[in-house]
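Per-entry structural report
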Amino acid sequence: MLELRNLCFQYPDQSEEWRFHFSVAAGHCLAVRGASGTGKSTLLNLVAGFLAPKSGEILWNNQAIHNLPAWERPVTSVFQEHNLFEHLDVFTNIGLGLHPGMKLSCEQKLAIEQGLEQTGLGGFGARLPGELSGGQRQRVALLRAILRRKPVLLLDEPMTGLDPDARAIIRDLLLQEKASGITLILASHDEEDRKILADSNWNL
Amino acid sequence: MRFRLPLLFAALLPAFATAEPAQVLNVYTHPSFAAEWGPGPAVKQAFEEQCECELNYTVLESGGDILQRLRLEGSSTSADVVLGLDTATMEAARQTGLLAPHTLTLNNLALPVDWQDDTFVPYDWGYFAFVYDTELLPEPPASLEELVNAPDDLKIIIQDPRTSTPGLGLLLWMHAVYGDDAHAKWQQLSGKVLATTQSWSDGYFSLFMNGEAPMILSYSTSPAYHMAVDNTDRYQAARFEEGHYLQVEVAALVNSSKNQALGREFMEFMLSPAFQRHIPLKNVMYPAIDLGDELPEVFDRLIRPSKALFLEPAEVARERRSLVNAWLDAMTR
Amino acid sequence: MAANQSQPLRPAPFSAPAWQLAPGLIIALALIGLVLLGLGALLHTAGTLEFEELWQSRYLRGVVWFTVWQAVLSVILSLLIALPVAMTLARLSHFPGRSLLLRLMELSLVLPTIVAVSGIIGVYGRQGWLTSLLNDWLPDHGWSLYGLNGILLAHVFFNAPLAARILLQALESVPAPRLRVASQLGLSGWWLWRAVRWPALRPVLPGVSALVFTLCFTSFAIIMTLGGGPRATTLEVAIYQALRFEFDFGQAAILATIQLVICGSLWWLVFRNRLESSLLPDRRFAETVSLKDSPGQGLGRVLLLGIFSVFLTLPLLAIALRGLPALWPASPMPSIYGQLLPATGRSLLIAVPAGLGAVVASLFTLAAANKPGNRILAAIPVTTGYLPLIVPPLVLGTGLFLLLRPQLGNSAQGWVLVSLINGLMAIPFVLQVLRGPLNAIDKNTLNQASQLGILGWYRWRWLHWPRLRRPIALGLAYGIALSLGDFGVIALFGSPGQPTLPVLLYQQLGSYRISEAAGTGLWLLLLLVTLFALLSRVARRAPGTNTEPAPAAAPEPRHA
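Residues numbered from 1 in each chain as written. Chains lettered and ligands numbered in written order. Predicted model: local features only at pLDDT ≥ 70, side-chain atom pairs only at ≥ 80, totals over all residues. Heavy atoms only, no water.

Right, let's talk about the overall build of chain C for a bit. Broken down by element type, chain C carries 24 helices and zero strands. Counting only residues that meet the buried cut, chain C has 58% of its 560 residues in that class. By element, 66% of the accessible surface of chain C is carried by carbon and sulfur atoms, the whole surface being about 22,200 Å². (Helix = DSSP H or I, 4+ residues; strand = E, 2+ residues; numbered from the N terminus. Buried < 20%, exposed > 50% of the residue type's maximum accessible area, 1.4 Å probe, protein only. Areas by Shrake-Rupley, 256 points an atom, 1.4 Å probe, with all protein chains shown as cover.)

Written out as structure tokens, the structure is:
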């Protein structure tokens, strides 16, 4: 279970203070709702460890994780865009998620190739992100997130701006993940996404 | 990227390692002496044949650097002999107390002045002179006075007395000729000075040989090289009535040397024809002894100054700063 | 979706925070130590100091004033030329001869001064080509190279190409999305500058200005050759005078300190504020983004580049013409190669390790500077990285000499030492070349790399190296080239009998072998051209990660 206890954050030079307090059970999807500027991204960045809270706690399975550096937290983030290293090809982008130095076992390489096939990206391994469409890029990003096998997925508008086909593919992937026990936090202003994926809602 | 810097260095080291023979004489000198076509290699060969030792050059940028290095190293220096100081750096070198008396009898010297110094042994000498391009300037001034009074469209290149030996030479030359009037004469001369370069090389290579000015401060022996090696009479030295200022290049023994005897042997060798015959065309200066017929023919065609102007090194050391300051004042007024 | 649950990983090599800070800090402290040792040694030998007298001297005040004045003018002129040239080159990313022009721009700085100055005089001097042309057309033009004119001309020749090269690199790192937006909005003129150019240039401009200022501030032989007389005297001249000619170590140390204070505070100002990292990721596209042109701009650009190329090429051509007779096989003395080739080998033996060392040290320095934490602490490594430029080599050399003296037994160590100092002297340039591209990485990318645990060596290998390969090649080329052309350091420490190329050149000059010296100058020029061309080519097609967008690979819609 992921728990946020009285998590409090403030941007430097701003008087406004953000407060978050909720919990999500393992294998559930929590949708975070709110208009732009209400702190959805801030929340996800806090959980990921890209921002440091002023006070409060983040717990995963009753263990505090808010003092851990980003790379030791049990989470993977997927943003609306810019998820990929633009100077590296698709295969390397995914591979770096499995081992940060690209020291991949044969099974891992195979898993990447299979994943690419299954998401309709077979043969795209050597392409650079700049040569892909938005939907293809998101699929690559999600595939990397999934192959990392971290128990929590932080999704920041992952389907915004994609065409209906691409949305459908990504929704399916996410549902599969949820079924396998992964916890999702989804920031989205899309009603349909939330209806299909979310088990509960949190309003900002 | 896998740089292995230490490995690289380690790999390079053996390439330079040399076996050391029994006795090695270390000589600190400057580049034009040690150059492949300079006197250095021939001298090394000749001396090694007679001494059964090895002669080693450490090449420093200038006489000033030799002195600087000696001072930094103090008595732990590896130099046995320093070769390439001149009348301008002698006094400062003497004052370090790091040099030893040579104890030689200097009776075969052929210098235009009487040389009695117990530390420094001269190995060559020359006069400062203005070298001119006969194609650009068929009739050069015949005296310093004529040069000073020439119209300002006669351009000359000189060197800075703050950074260059010939530059300081001209300063002393003017001082020797004009004494207290030198300041006014410098002011008169300044209109003709196209450039005051840092070193002789800068002026000669970049300016004079590019035809920027027809005259440059150099040595009276410079034309010897052009005549003997380049086979051209185009560049000649202008003979000035008042006489020419003298430069003497010297060597000295180092006090802390463990090879004193060998060092002395080298100094003696230095004043023998075996060393001196390489001076005229390879160092383009006059030999310090009379070479007789061995002096190349072109040296007969060089100008013969009526008078050698020379200030005692100790006096130069005392006066230099005030002379330089007066020069600065005259040139920037 | 079957994938192995990733087992707990061993941490990435060199990912402990100390690895980012310690090497750079050690280099910085070593440099500070060297400078203090050098200055201290001079002051120690000096005995009494006449600080007051020196400070009140009219001469010294004149020298300081002139030094600053000519440096400021040189910076302004160099930037006035470098800015439009860089922007034009960024705009015209494909035209025949572009890469040749870039190689020429890299050259002028690294040529030995005496060679470059001879080229400049061959074109702009009293008997120079252009002056002769001018004499025919405009008999009363009144142009004279000697004086402030010549100093500025030479400084612009040396520094404008360097500045333009670094600015171009910054402009080329403008994120493609930003360019596309600008293109779509049809921005041009002031707003294009405001929205696209300025944000890219702003981070590097202070550093470039400070670099050019320092180079001109410490300029020496150029000032004396072209300055026309002792009115044009820089502090460096006075230091040389005191140190080598008057053996007045106290005065030399004080003058060096004044120089250190003036240039050092400038660098401190530049680095006091750490640069924020780039905001946009640089998404790469196959095609270049075309921007709106105002009428007449195309012609203006061609004209500008044409004039700039001529300005750069003519002196090099003069050098080539002067040196050709000595190198051409038909010349009476082809034996010149018997000296040139071994000297080239020795030069490379010193220069290549020096260049590599400079690149490694610069990377460590920048890594330390980018370490989050204390700002002041982070400013130390970069500021000290520029020390070799500010402190007269003589002072630095004296420090090193004293530090290593007991070990200075044989010539091999002497050569390693020369290589080491040459490397040190190249650090400021390499730093300048690498700094912009290293900082251009965006926050988002860094965050993701952190989440994936791409740290330490892995971060360098996968994030920085593919993006920095070309800047590193350029930095390496500068590092090697600077030390190939170096005369000062090797002369300072004394070389064994066999000369390197620049020493050979000076030996030839000292022995009146003028045409051979010109040949050696041309040889050096050719060697430098080859070096820059080679390294830029190697960087372009190194194996491994694919950095260049494959041209027209995927005709996908782009609606990210």
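The rest of the description comes next.
Applying the stated rule across the entire model yields 28 salt bridges over all chains. The partner of A:E57 in a salt bridge is A:R5, with the nearest N and O atoms 3.7 Å apart. You can see A:E57 sitting in strand 4 (residues 55–60) and its partner A:R5 sitting in strand 1 (residues 2–9), a full 52 residues away along the chain. A:E57 sits in the partly exposed class, given a relative accessible area of 32%. With a shortest N-O distance of 2.9 Å, B:D233 and B:R301 are connected by a salt bridge. Residue B:D233 is located in the loop between helix 10 (222–228) and strand 9 (235–238), and its partner B:R301 is located in the loop between strand 11 (286–287) and strand 12 (308–309); the two are separated by 68 residues in the primary sequence. What makes B:R301 partly exposed here is its relative accessible area of 38%. The structure contains a network of salt bridges with shared partners spanning A:R167, A:R171, A:D190, A:E192 and A:D193. (Salt bridge = Lys/Arg side-chain N within 4 Å of Asp/Glu carboxyl O.)

With that settled, the discussion passes to the sheet that holds strand 1 of chain A. Residue and element names in this part refer to chain A. Reading across the sheet, the four strands line up as 2-1-4-5 and stay open at both edges, with antiparallel pairing between neighbours. If you trace the sheet from one side to the other, it starts and ends with strand 2 (18–24) and strand 5 (63–64), each paired once. In the sheet, strand 1 pairs with strand 2 via six bridges, with the strands oriented antiparallel. Looking across to strand 2, one finds that L2 is bridged to V24. On the sheet, helix 1 (residues 40–48) packs against strand 1, strand 2 and strand 4 and is oriented at approximately 115 degrees with respect to strand 1. (Pairing = 2+ DSSP bridges. Contact = heavy atoms within 4.5 Å. Axes fitted to C-alpha atoms, helices over the stretch in contact; angles between N-to-C directions.)

This part covers the side chain of C:T214. All names here are of chain C. The residue T214 is located in helix 10 (residues 205–217) in this model. Among the residues examined, T214 registers a relative accessible area of 0% and is labelled buried. T214 has contacts with C263, W267, L389 and I390, leaving out every residue within four places of it along the chain.

Attention now goes to the state of the cysteines. Each disulfide consists of one covalent bond between the sulfur atoms belonging to two cysteines. All names here are of chain B. Counted by the stated rule, this structure contains one disulfide over all chains. Here C51 is linked by a disulfide to C53, with a sulfur-sulfur distance of 2.0 Å. Looking down the S-S bond of the C51 and C53 bridge, the torsion is -85 degrees, so its handedness is left-handed. For C51, a relative accessible area of 11% corresponds to the buried category. (Disulfide = S-S within 2.5 Å.)

With that settled, consider the interface of chain C and chain B. A common measure of how large an interface is: the accessible area buried when the components associate. Listed per partner, the contact involves 73 residues of chain C and 72 residues of chain B. Taken over both partners, the interface formed by chain C and chain B buries close to 6,800 Å², and the fraction arising from carbon and sulfur atoms is 63%. Of all residues in chain C, the largest losses of buried area upon contact with chain B belong to C:F245, C:F247 and C:Y512, amounting jointly to 13% of the total for that side. Applying the counting rule to chain C against chain B returns 12 residue pairs in polar contact (both at pLDDT 80 or more). The leading source of residues in the side of chain C that touches chain B is helix 15 (residues 336–369) of chain C, at eight residues. A per-class count over the side of chain C that touches chain B returns 41 nonpolar, 23 polar and nine charged. (Buried area = accessible area lost by both parts, 1.4 Å probe. Polar contact = N/O pair within 3.5 Å; in protein donor to acceptor, adjacent residues only side chain to side chain. Nonpolar A, V, L, I, M, F, W, Y, C, P; charged D, E, K, R; others polar.)

This paragraph deals with helix 3 (residues 39–51) of chain B. Residues and elements named next belong to chain B. With 13 residues, helix 3 extends 18 Å from end C-alpha to end C-alpha; this agrees with the ideal 18 Å at 1.5 Å per step. Of all the residues in helix 3, the buried ones are P39, G40, A42, V43, F47 and C51. The arc that holds every buried residue of helix 3, seen down its axis, measures 165 degrees, which confines them to one face. Along helix 3, exposed side chains directed more than 90 degrees from the buried face belong to Q45 and E49. The inward-facing, buried residues of helix 3 contact strand 1 (24–29), helix 2 (31–34), strand 2 (54–59), helix 11 (260–270), helix 12 (273–276) and helix 13 (279–282). Immediately downstream of helix 3, the backbone of E52 shows phi near 50 degrees, a positive value. (Expected span 1.5 Å × (residues − 1). Arc of directions from axis to C-beta.)

A ring pair, where both rings are aromatic, is described by two values, the distance of the centres and the angle of the planes. For the structure on display, the rule yields 38 aromatic pairs over all chains. Aromatic side chains C:W65 and C:W69 sit 5.8 Å apart centroid to centroid with 20 degrees between the ring planes, which places their arrangement in the stacked category. Taken together, the positions of C:W65 and C:W69, both in helix 3 (residues 58–91) and four residues apart, correspond to about one turn of that helix. On the basis of relative accessibility, which here comes to 56%, the residue C:W65 falls in the exposed class. Pairwise contacts between aromatic rings join B:F33, B:F47, B:Y57, B:Y123, B:F266, B:F269 and B:F275 into one cluster. A cation sits over an aromatic face here: A:R127 above A:F124, 4.6 Å from the ring centre. A cation sits over an aromatic face here: C:R461 above C:W462, 4.2 Å from the ring centre. (Phe/Tyr/Trp six-rings, centres within 6.5 Å; stacked < 30°, edge-to-face > 60°. Lys NZ or Arg CZ within 6 Å of the ring centre and 35° of its normal.)

Moving on, we come to the packing of helix 15 of chain C against helix 21 (residues 456–484) of chain C. When two helices pack together, their arrangement is given by the angle between their axes and by how far apart the axes lie. All names here are of chain C. Packing of helix 15 against helix 21 brings their axes to within 8 Å, and their N-to-C directions diverge by 140 degrees. Classed by the angle they form, the pair helix 15 and helix 21 counts as oblique. For the pair helix 15 and helix 21, the sense of crossing is right-handed. Facing S347, L348, I350, A351, V352, A354, G355, L356, V359 and L363 of helix 15, the residues of helix 21 in contact are W460, L468, I472, G475, L476, G479, I480, S483 and L484. (Parallel < 35°, antiparallel > 145°, perpendicular 65-115°, else oblique. Left-handed = near helix turned anticlockwise from the far one by under 90°.)

The subject of this paragraph is the environment of C:A252. All names here are of chain C. Looking at the secondary structure, you find A252 in helix 13 (residues 249–272). Distance in space between the C-alpha atoms of A252 and L235 is 9.7 Å, their sequence separation being 17 residues. When residues no more than four places from it in sequence are discounted, the contact partners of A252 are I239, A242 and L243.

B:F130, B:W173, B:W186, B:M215, B:F266 and B:F275 are the most contacted members of the largest nonpolar core, which totals 277 residues. A total of 14 residues in this core trace back to one element, the largest contributor, which is helix 7 (residues 148–172) of chain C. Taken domain by domain, this core gets at least three of its residues from each of domain 1 (21–125 + 247–298) and domain 2 (126–246 + 303–332) of chain B. Residues in contact with B:F266, not counting those within four places in the same chain, are B:L25, B:V27, B:V43, B:F47, B:L55, B:V81, B:L83 and B:F275. In terms of nonpolar packing, the next biggest core, distinct from the first, is built from 49 residues, A:L121, A:A141, C:L446 and C:A449 among them. (Core = buried A, V, L, I, M, F, W, Y, C linked by side-chain atoms within 4.5 Å. Domains from an automatic or database assignment.)

You will see that A:N61, though not glycine, has its phi angle at about 50 degrees, which is positive. The residue A:N61 is located in the loop between strand 4 and strand 5 in this model. Positive phi values are uncommon outside glycine, yet B:T103 reaches one of about 55 degrees. Counting through the fold element by element, B:T103 comes out in the loop between strand 4 (99–100) and strand 5 (121–133).

What follows covers the pairing of strand 4 of chain A. All names here are of chain A. Pairing geometry for strand 1 and strand 4, over five bridges, is antiparallel. What sits directly across from R5, in strand 4, is E57. The pairing of strand 4 with strand 5 spans two bridges and is classified as antiparallel. Looking at the pairing, W60 lines up with Q63 of strand 5. In this antiparallel pair of consecutive strands, strand 4 and strand 5, the connection spans two residues, and N61 shows a positive phi of 50 degrees.

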